[in-house]
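# Structural description and commentary
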Amino acid sequence: MWDYTDKVMDHFKNPRNVGAIENADGTGQVGSLICGDALRLTIKVNKETEIIEDAKFETFGCASAIASSSMLTEMVKGKTLEEASKITNQDIADALGSLPAEKMHCSVMGMEALDAAIRSYRQGGKPVEFEQQEEKIVCRCFNVSEEAIIKAVRLNHLKTVEDVTHFTKAGGACGRCKADIQKILDKVNGMVQAAAVQKSFNELTIVEKIKAVEKVLEEEIRPKLNMDGGSAELVDLSGNAVKIRLIGMCSGCINAQATLKNFIEKTLQEKLDKSITVEQA
Amino acid sequence: MKEVYLDNNATTRCYPQVVEAMLPYFSDKYGNASSMHTFGGQNRHAIEAARHQMAELINAAYDDEIIFTSCATESNDSVLFSAAEAFPDKKHIITSAVEHPAVLEPCRLLESRGWRVDFIRVDENGRFDLEELKSLIDDKTSLVSVMWANNETGTIFPVKEIAKIAHAHGALFHTDAVQAAGKIPIDVQEVCADFLSVSAHKFHGPKGIGALYVRRGARFVPYLVGGHQEKHRRAGTENVPYIVGIGKAAELAKKRLTDGSIQKMAALRDKLEKGIVAAIADVKINGDAQNRVPNTTNISFGYIEGESILMYLNDFHICASSGSACTSGSLEPSHVLRAMKVPFEFAHGSIRFSLSDENTEADIDLVLKELPPIVERLRAISPFYKQRSL
């Protein structure tokens, strides 16, 4: 059983804007019978203001696919094309309260249909199928391109192959592309890290430094300390000298100094800058 | 509101008579059946009585051919890993493409460890391909493991013929009879099975107890070791209350096979199926309609998705299940429907109704009343339904 929010159930049971707009200004289609879900979105656009005046959908799929489609039509109505094009799958999921992780691809389908509908409008109204670039298809079972995976990884901060499957379906059938997905993840997440390091720690403003240290604490350090029932917080930062307070089981632990120096300081040095020093606050 | 429970292939209600039989063995007669004192030792009699009841249900020649396990998954794993252990020179196993994961996954594990495993195909009605079996079996085949009846479609496999082919090539034959037990007569002697797995909760017994039939003389290497129980074939302190439970459930199941319960259930299943086919267009029955267990119907509703149907049925407390991708959290429709090459526009919209002898005319009438508008409603949203004839 899925833990659907009341909002998901409401939009599933009472879907808004079902149907197809006659002589639509834009028609976006995504998915197929084979995939198990599909969405056809039609929009009516005011040519002067580029405001989406009406939107309707037809969906083949599960409760969350229907709810995501219904919510999407509600969200785009009244928005300009420019505003609507900024809607992400996370916005759709947030508007529904939340979606189970395994169902996030339903919200991605909404985002893709909208993208196709807007392109359709720009191209004179001829229906546009959301297409993956054929030469860069990673998952052949669900026809998912490298571009789509990169977009999902960036937008949703995906970390594992399983995450990518939940959001894009890629890798969810035969699984042969899982190694390729991992490579894309490594590339994208590696690039994200590289971008952050490009500007050296010394050049960052004090706020940027605090954020950078906090990020490493959250992602690399606290999860490990949490396993022993402890944690750590950033107290002060001056130049490259970081003051950390150990809390929980870590405070008063006889290994506190080793934790500070051998683990926290070393990790910060590896991730940010070799000259960082860590002292107990 | 009472549940209209039509998901008996998933699990069944543990009958009150079964619970009643089990209860004394929790807090009153809690002794260890292996103990020397009468208080514990007398529970041995309860276990042996249950073994006899279980042997009767499948017509085993000897009671000691029954080993109690924790579930049918354990029974299946035991047989497959036993074959791997007992026949190191015969690294070939044959099974079917539509087995339950409890057989498929251990087979794939053995495959990854170097065993050759063949998965026999089925046709579009889910029927087993005996010719393919004959073409693949050879003197390196140690075990053929094919289910008696399929859990999703109810299709019954020709286990007797399969056993004959296996034995002609010196292989042992195992059958996962989880979905057959209690629904159709099982006779291990007539079929010449070497191993057979069952699970109590599929025939109105408790969850957490299963049985494995091991024919006397069939080579078997224990899966669980660490005790003398079950004649050293399955170690671990006997789960007396649950063993009593599976015994009682087996006794009741045997009675139901001849007292008219099964015929009544089959009539209701047929009424449901015919009613749906008459009331709703673009539906497809999955499985071998001529050769099915009497409680199961698997119906596909074209151009809509199974989870959506189930969620609407749930509003009326109607419990069923689906082979659609979305219900399982996987992304593909069931491997059984894919093996049968059910077209995608139907595979995603499959619903399995599985009855028990407790279902009533009123249950079926409710489904026949509520289901057509649900299907109509979902098809009105579906972009494919209007285009279906284009």
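Residues numbered from 1 in each chain as written. Chains lettered and ligands numbered in written order. Predicted model: local features only at pLDDT ≥ 70, side-chain atom pairs only at ≥ 80, totals over all residues. Heavy atoms only, no water.

### Considerations on the packing of aromatic side chains
All names here are of chain B. One pass over the structure, following the stated rule, counts nine aromatic pairs over all chains. Ring centres of Tyr303 and Phe346 lie 6.2 Å apart, and the angle between their planes is 55°; this geometry places the pair in the tilted category. With a gap of 43 residues between them, Tyr303 in the loop between β10 (296–301) and α13 (306–315) and Phe346 in helix α16 (residues 344–347) connect regions that are remote in the sequence. Using a relative accessible area of 10% as the deciding quantity, one classes Tyr303 as buried. An aromatic cluster is present here, built from Tyr303, Phe346 and Tyr385 joined pairwise through their rings. For Lys91, the ring lying beneath its charged end belongs to Trp115, and the centroid distance is 4.7 Å. When the ring centre of Tyr62 is taken as origin, the NZ or CZ atom of Arg216, which lies over that ring, is 3.6 Å away. (Phe/Tyr/Trp six-rings, centres within 6.5 Å; stacked < 30°, edge-to-face > 60°. Helix = DSSP H or I, 4+ residues; strand = E, 2+ residues; numbered from the N terminus. Buried < 20%, exposed > 50% of the residue type's maximum accessible area, 1.4 Å probe, protein only. Lys NZ or Arg CZ within 6 Å of the ring centre and 35° of its normal.)

### Describing the packing of helix α12 (residues 261–279) of chain B against helix α17 (residues 361–381) of chain B
All names here are of chain B. Close contact between α12 and α17 brings their axes to 10 Å; oriented N to C, the two are set at 15°. Classified by the angle their axes make, α12 and α17 are roughly parallel. Seen along the crossing, α12 lies across α17 with a hand that is right-handed. Residues Leu268, Lys271, Leu272, Gly275, Ile276 and Ala279 of α12 form the contact with α17, whose participating residues are Glu361, Ile364, Asp365, Val367, Leu368, Leu371 and Pro372. For the contact of α12 with α17, a count of residues per class yields nine nonpolar, one polar and three charged. (Axes fitted to C-alpha atoms, helices over the stretch in contact; angles between N-to-C directions. Parallel < 35°, antiparallel > 145°, perpendicular 65-115°, else oblique. Left-handed = near helix turned anticlockwise from the far one by under 90°. Contact = heavy atoms within 4.5 Å. Nonpolar A, V, L, I, M, F, W, Y, C, P; charged D, E, K, R; others polar.)

### A few points about the pattern of salt bridges
Residues and elements named next belong to chain B. In total, this model carries 41 salt bridges over all chains according to the counting rule given. Of the charged contacts, one joins Asp123 and Arg127 as a salt bridge, the two residues approaching to 2.9 Å between their closest N and O atoms. By relative accessible area, which is 24% here, Asp123 ends up partly exposed. For Arg256, the salt bridge is made with Asp357, and the minimal N-O distance between the two is 3.9 Å. Remark: Asp357 occurs in the loop between β13 (350–354) and α17 and Arg256 occurs in helix α11 (residues 240–258); sequence separation between them is 101 residues. The network of salt bridges with shared partners includes Arg44, Glu48, Arg51, Glu230 and Glu238. (Salt bridge = Lys/Arg side-chain N within 4 Å of Asp/Glu carboxyl O.)

### Comments concerning the sheet that holds strand β8 (residues 241–248) of chain A
Residue and element names in this part refer to chain A. Here we have three strands laid out as an open sheet, ordered β7-β8-β9, and mixed in their pairing. Looking at strand neighbours, the two that pair on one side only are β7 (230–238) and β9 (277–280), the edges of this open sheet. Within the sheet, the average angular offset between the axes of one strand and its neighbour, ignoring direction, is 35°. Both β7 and β8 contribute to a ladder of eight bridges, which runs antiparallel. Note on β8: the bridge partner recorded for Glu233 is Arg245. On the sheet, helix α9 (residues 206–227) packs against β7 and β8 and is oriented at approximately 165° with respect to β7. Those strands touched by helix α10 (residues 256–271) are β7, β8 and β9, and its axis lies near 150° from that of β9. (Pairing = 2+ DSSP bridges.)

### Quick notes on the interface of chain B and chain A
With 25 residues of chain B at the contact, the number on the chain A side is 32 residues. Summed over both partners, the interface of chain B with chain A buries about 2,300 Å², with 68% contributed by carbon and sulfur atoms. For the salt bridge of Lys13 of chain A with Asp315 of chain B, the shortest nitrogen-to-oxygen distance reads 2.7 Å. In this structure, the connection of chain B to chain A is made through 11 residue pairs in polar contact (both at pLDDT 80 or more). Of all the secondary structure elements, the ones that give two or more residues to the side of chain B that touches chain A are α13, α14 (325–328), α16 and α17 of chain B. Sort the elements by how many residues they give to the side of chain B that touches chain A and α13 of chain B lands first, with five residues. (Buried area = accessible area lost by both parts, 1.4 Å probe. Polar contact = N/O pair within 3.5 Å; in protein donor to acceptor, adjacent residues only side chain to side chain.)

### Brief notes about the domain arrangement of chain B
Residues and elements named next belong to chain B. Domain assignment breaks chain B into domain 1 (16–257) and domain 2 (260–381). Computed from C-alpha coordinates alone, the two centres of domain 1 and domain 2 are separated by 29 Å. Listed as interface residues are 25 residues of domain 1 and, on the opposing side, 22 residues of domain 2. Summed over both sides, the interface of domain 1 with domain 2 buries roughly 2,000 Å², with 55% coming from carbon and sulfur. Ranking the residues of domain 1 by area buried against domain 2 places Glu152, Thr153 and Lys183 at the top, with a combined share of 32%. The interface formed by domain 1 and domain 2 contains one salt bridge. (Domains from an automatic or database assignment.)

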